[in-house]
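Per-entry structural report
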Amino acid sequence: MDRNYWVRTEHGRIWGPFTISALERLRGQLTENCEASIDGKEWLPGADFPELRNLLTPARKLERTAALPPAGPRISRAMAEAFGIGEAAKAREVAPAPPVVAPQAPAEPPPPPPRKPPVMFKAPETLEVPDSGDLARVSPVRLYALTALSAASGGFRFDLEDGKKLQIVFRRGTPEHVASDDPELGLLRFLQMKGVLAAEKVRAAEEQAAKSGQDVVAVLFQLQLIPAADAHRLLGEHGAFLLDRAFSCWRGAFTFHKEAAPPAGSFPLGSRWGLLMDSVRRLEVPLLRARLGKRLTRPVVRSGGLGVGKVEELGLNAQETRIYAAIDGTKTGEEVLQAHDAGMSLRLLYLLTELGHLAFAEVADEAEAPPPAAKAVPPAEPVIPPPPQPAKAAAAPPPPAPKINRQPPRAAPKRAAPPVMKAVSPPAPAKPAAPAVSRPPPTFAQGPANEPAEAMLQRLSALWERLSQLNHFEALGLERKSATPAETKRNFFVLAKELHPDTVTNPDQAELKEMKERLFARVNEAAQVIGDEKRRKEYEGELDGKAENVDVSRIFAAEENFQRAEILIKARKYQEGLELLEQAIEMNPEEAEFFALRGYAKFLLSKDRKQSYEECAADCRKAMKMVERCLPAHLYLGHMAKVVGDARLAKKCYSRVVEIDEKHVEAQRELRLMGTKG
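Worth saying up front: this structure is predicted, and the values here are computed from it rather than measured. (Residues numbered from 1 in each chain as written. Predicted model: local features only at pLDDT ≥ 70, side-chain atom pairs only at ≥ 80, totals over all residues. Heavy atoms only, no water.)

**Concerning the sheet that holds strand S9 (residues 252-257)**
Strands sit in the order S5-S9-S6-S7-S8 across an open sheet of 5 strands; the sheet is antiparallel. Either end of the sheet is taken by a strand with one partner, and the two such strands are strand S5 (132-134) and strand S8 (174-180). Strand-to-strand twist in this sheet, taken as the mean axis angle between neighbours without regard to direction, amounts to 15°. Sheet topology note: the strand S6 (residues 154-160)/strand S7 (residues 165-171) ladder contains 6 bridges and is antiparallel. The partner of Arg157 across the bridge, within S7, is Gln167. (Pairing = 2+ DSSP bridges. Helix = DSSP H or I, 4+ residues; strand = E, 2+ residues; numbered from the N terminus. Axes fitted to C-alpha atoms, helices over the stretch in contact; angles between N-to-C directions.)

**Some details on the nonpolar core**
By size, the foremost hydrophobic cluster in this structure holds 57 residues, and its most contacted members are Phe156, Phe158, Leu276, Leu314, Leu349, Leu351 and Leu355. The element contributing the most residues to this core is helix H13 (residues 342-355), with 8 residues. If you look at the next biggest cluster of nonpolar residues, it comprises 41 residues, including Phe595, Leu597, Cys630 and Leu637. (Core = buried A, V, L, I, M, F, W, Y, C linked by side-chain atoms within 4.5 Å. Buried < 20%, exposed > 50% of the residue type's maximum accessible area, 1.4 Å probe, protein only.)

**Comments concerning the pairing of S7**
The antiparallel hairpin formed by S6 and S7 contains 4 residues in its connecting segment, where Gly163 sits at a positive phi of about 90°. As defined by bridge partners, S7 adjoins S8 across 6 bridges and the pair is classed as antiparallel. Counterpart to Gln167 in the pairing with S8 is Ala179. Between S7 and S8, which pair antiparallel one after the other, the connecting turn spans 2 residues, and Arg172 there sits at a positive phi close to 55°.

**Some remarks on the packing of aromatic side chains**
A complete count under the given rule lists 13 aromatic pairs for this structure. Where Phe190 meets Phe241, the ring centres are 5.2 Å apart and the plane angle is 35°; that geometry is what we call tilted. Linking Phe190 in helix H5 (residues 187-193) with Phe241 in helix H8 (residues 231-247), this pair joins segments that are 51 residues apart in sequence. When its relative accessible area of 6% is taken as the criterion, Phe190 is described as buried. Ring centres of Phe492 and Phe520 lie 6.1 Å apart, and the angle between their planes is 40°; this geometry places the pair in the tilted category. Linking Phe492 in helix H20 (residues 485-499) with Phe520 in helix H21 (residues 510-531), this pair joins segments that are 28 residues apart in sequence. With a relative accessible area of 14%, Phe492 lands in the buried category. Looking at Phe520, the relative accessible area reads 19%, which means it is buried. Through successive ring pairs, a cluster of aromatic residues spans Tyr144, Phe156, Phe158, Phe170, Phe247, Phe254 and Phe256. Here the basic side chain of Arg8 rests over the ring of Trp43, its NZ or CZ set 4.4 Å away from the ring centre. (Phe/Tyr/Trp six-rings, centres within 6.5 Å; stacked < 30°, edge-to-face > 60°. Lys NZ or Arg CZ within 6 Å of the ring centre and 35° of its normal.)

**Considering helix H25 (residues 592-605)**
The first and last C-alpha atoms of H25 sit 20 Å apart over 14 residues, in line with the 20 Å expected at 1.5 Å per residue. When you tally the buried positions in H25, you get 11 out of 14 residues, the bulk of the element. The set of residues buried in H25 consists of Ala592, Phe594, Phe595, Ala596, Leu597, Arg598, Gly599, Tyr600, Ala601, Phe603 and Leu604. (Expected span 1.5 Å × (residues − 1).)

**Description of unusual backbone geometry**
Residue Arg172 is not a glycine yet carries a positive backbone phi of 55°. For Arg172, the location among the structural elements is in the loop between S7 and S8. The exposure class of Arg172 is partly exposed, given its relative accessible area of 27%. Positioned with a positive phi, Arg572 is a non-glycine residue whose angle comes to about 65°. Within the secondary structure, Arg572 sits in the loop between helix H23 (552-570) and helix H24 (574-587).

**Concerning the environment of Ala617**
Relative to the helices and strands, Ala617 is located in helix H26 (residues 609-626). Of the residues examined, Ala617 reaches a relative accessible area of 0% and is grouped as buried. Each C-alpha atom of the pair Ala617 and Lys602 lies 9.6 Å from the other, and the pair is 15 residues apart in sequence. With near-sequence residues (within four places) excluded, Ala617 lies in contact with Leu637 and Met640. (Contact = heavy atoms within 4.5 Å.)

**Some thoughts on the confidence of the model for the protein**
Scored by pLDDT, the protein has a mean of 76; 75% of the residues are at 70 or more. Contacts from residues 100-109, a stretch scored under 50 in pLDDT, to residues over four places away or in other chains number 12 contacts. Every residue in residues 111-125 scores below 50 in pLDDT, and together they form 26 contacts with partners more than four places removed in sequence or on other chains. (pLDDT = per-residue confidence, 0-100.)

**Comments concerning the pairing of S9**
The sheet contact formed by S5 and S9 spans 3 bridges and is antiparallel. The residue of S9 that forms the bridge with Ser132 is Thr255. Taken together, the 6 bridges between S6 and S9 define a ladder with antiparallel strand orientation. The residue bridging Leu160 from the neighbouring strand is Gly252, located in S9.

Right, here's the structure in full:
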């Protein structure tokens, strides 16, 4: 069987997994600087694989800096003789090679050899939450993302340079408590700043809290200074305010305490990734520009999927998505800011570089020199040869004119383009709109010709992970603002042609058929929602955040019931635990883990487990559909499959658990036992 390879180009783009025959299509696009992998994790130079060498082309050598050193500052012969450097000028004319020019070359030749302009983006060694460190090296934004990705529980303490302290406490990767020892950042001052409380009421609350020793929140309720119905909203807004403060701190030290737990009465402040994205959108632009500094002058490149989490989880809006899609490794950070909204682009660049989805490429210092040097070379060369020089020497005064004339032609097409479009639009206004709306059908579901079944399953599994994180418009390859019913229908049929489970006719390929069933159900659901005008408006309202406010108290109560149910089920009190789970699901039906544990509890409670298996497994499959990486759902389904004798499904589920968490002891033990039995 042909081996599959992942290939990463020198610009950070990743292709694969493909066989050698499939990689033939990329011939000409792979250079000697590319890297290859057989597992998608460990990368080696492409030339280290003998079977790939004939596909690699020599890398382009764009280093023309060798001609730059001899073209130093331009001086006339008279000036050279006056200052006694005529011999040096003659030496430059006779020997143009840079190494020969001893007086001027030493400053420029050393930098190029150690640093090559294109630098491959390297994946971070670990994606674990560090125990301590310096905020100047690891920013609060990255620390937050690492905690959210690993679903860790514990608390960060930030000891800032000004002596103040901030604390963020997480439960399962979601912040539930944010506090500061700075009175100016306290809840009372925050409510005064928002205009909820007057200054005299704030002083009264402070005095009452000092006398009674009660918590500020309890004092606010006791004095009836805030309505009970607004308490959760105001506390959540204060938590977001402190998060903004934490994310804007880059000087100080941090420590992470795994045993730290949120205080009683704490509740989730919101979606872990949504909180991060919203907070970064509120960061001040001057602070971010100072943080990024000179890095903005370097090209912005993609990491090839090696960042913390997934970009899709961040919930980028349409403008941010377009900015991210336009980053191709050829533009510097400043050019990105000029091409799009500067504030939005700067915040997006900061966030994605901190998470490792983007990086500023390291370029040799001479890379900035070619533009002026290239303009200086033409006038320099005419001065040296006597025959052509007189003609161009006379033209020496006008060199500015050629430079000016060269630039307008470049700008001319850009200026000429709008008039052409305006001239075309009046006679036929409908025709320009059509090309803007109608785009080519999506191709992300298509695979290479004669693709093996195993490679197809692997490719579609990766596609499922991606589609499960996208919204309905992105899942169908549509632009939200311009998607029409006709385009929606066309894209659905194109995707259905590739993903329909009936395209799998071999009964031995059950896993492949199951994967296509899940993918087809995903695009079908998206088409059903977007194709119906009423449901589409409701869905767009949800995307815009216009849906009804979430009842945080119900979510918190549901989480408490879930935790109590876990304890009861471990104590084999299945019926009591099941009742609490039903209550938790009724209060918060959006939590996948609730359904997974309910299915397993029903299975443990059932007298005839084989007969109730399908009904119980349906809860676990529903949890997987809600969140594909829901580890408990895979684990519980593996336990149930093992009991009913489906060893193949059990092994598949345990393997998926290990993929999600490499250190999961229980799944590793089950796999070892199954391996010894086999």
